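Each chain, letter by letter, is given below.
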Amino acid sequence: MSFSDKHQCILCDVVSCKFHDQSGHCQLDSIKVKPRKNCHDGSCDESECGSYINK
Ligand code: SF4
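These remarks concern the structure in this document. Here the structure is a predicted model, which is why all the values come from computation and not from measurement.

Some remarks on the state of the cysteines
Okay, step 1: Evaluation of the coordinates by the stated rule reveals 1 disulfide.
Okay, step 2: A sulfur-sulfur separation of 1.9 Å characterises the disulfide bridge that pairs Cys-39 with Cys-44.
Okay, step 3: Residue Cys-39 is classed as buried on the basis of its relative accessible area of 4%.
Okay, step 4: Note on Cys-44: relative accessible area 37%, which makes it partly exposed.

Right under this line is the structure:
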């Protein structure tokens, strides 16, 4: 389900990403969250931002 009318605010501390701004926000309107490789059973921190692009 899409909530395009909610104007989501994405806070992010990943300073090496090209979409990160100095106020600690993501400049994208939406992001994709992906599972990390070889981590699918909850025994580790599985999620990561799939929209990340290095500066
Ligand atoms: S794309 Fe992902 S990693 Fe990059 S600033 Fe946005 S939330 Fe952070």
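Quick word on the layout of surface pockets
Okay, step 1: Taken as a whole, the largest pocket encloses approximately 180 Å³ of empty space.
Okay, step 2: Taken together, 14 residues make up the lining of the largest pocket; nearest its centre are Cys-12, Val-14, Cys-17, Cys-26 and Cys-49.
Okay, step 3: A per-class count over the lining of the largest pocket returns 11 nonpolar, 3 polar and no charged.

A few points about the site of the ligand
Okay, step 1: As a structural note, the neighbourhood of the ligand is formed by Ile-10, Cys-12, Val-14, Cys-17, Phe-19, His-20, Cys-26, Leu-28, Ile-31, Cys-49, Ser-51 and Tyr-52.
Okay, step 2: Assessed atom by atom at 2 Å from the grid points, the ligand resides in the largest pocket.
Okay, step 3: Its residues assigned to classes, the shell around the ligand shows 10 nonpolar, 2 polar and no charged.

Some remarks on the pattern of salt bridges
Okay, step 1: In total, this model carries 1 salt bridge according to the counting rule given.
Okay, step 2: Between Glu-48 and Arg-36 there is a salt bridge, with the nearest N and O atoms lying 3.5 Å from each other. One end of the pair, Glu-48, is in strand 2 (residues 47-49); the other, Arg-36, is in the loop between strand 1 (33-35) and strand 2, with 12 residues separating them in the sequence.
Okay, step 3: On the accessibility criterion, Arg-36 (34% relative accessible area) is partly exposed.

Concerning unusual backbone geometry
With the exception of glycine, the majority of residues adopt a negative phi angle, and the majority of peptide bonds are in the trans configuration.
Okay, step 1: We note that Asn-38 has phi near 60°; this positive angle belongs to a residue other than glycine.
Okay, step 2: Mapped onto the secondary structure, Asn-38 falls in the loop between strand 1 and strand 2.
Okay, step 3: On the basis of relative accessibility, which here comes to 78%, the residue Asn-38 falls in the exposed class.

About the cut-offs
- Residues numbered from 1 in each chain as written.
- Predicted model: local features only at pLDDT ≥ 70, side-chain atom pairs only at ≥ 80, totals over all residues.
- Heavy atoms only, no water.
- Disulfide = S-S within 2.5 Å.
- Buried < 20%, exposed > 50% of the residue type's maximum accessible area, 1.4 Å probe, protein only.
- 1 Å grid on protein atoms, 1.4 Å probe; cavity = no way out; pocket = protein on both sides within 12 Å on 5 of 7 lines; lining within 4 Å.
- Points joined across faces, edges and corners; volume = space filled by probe spheres on them.
- Nonpolar A, V, L, I, M, F, W, Y, C, P; charged D, E, K, R; others polar.
- Near = heavy atom within 4 Å.
- Sits in = over half its atoms within 2 Å of the grid points.
- Salt bridge = Lys/Arg side-chain N within 4 Å of Asp/Glu carboxyl O.
- Helix = DSSP H or I, 4+ residues; strand = E, 2+ residues; numbered from the N terminus.

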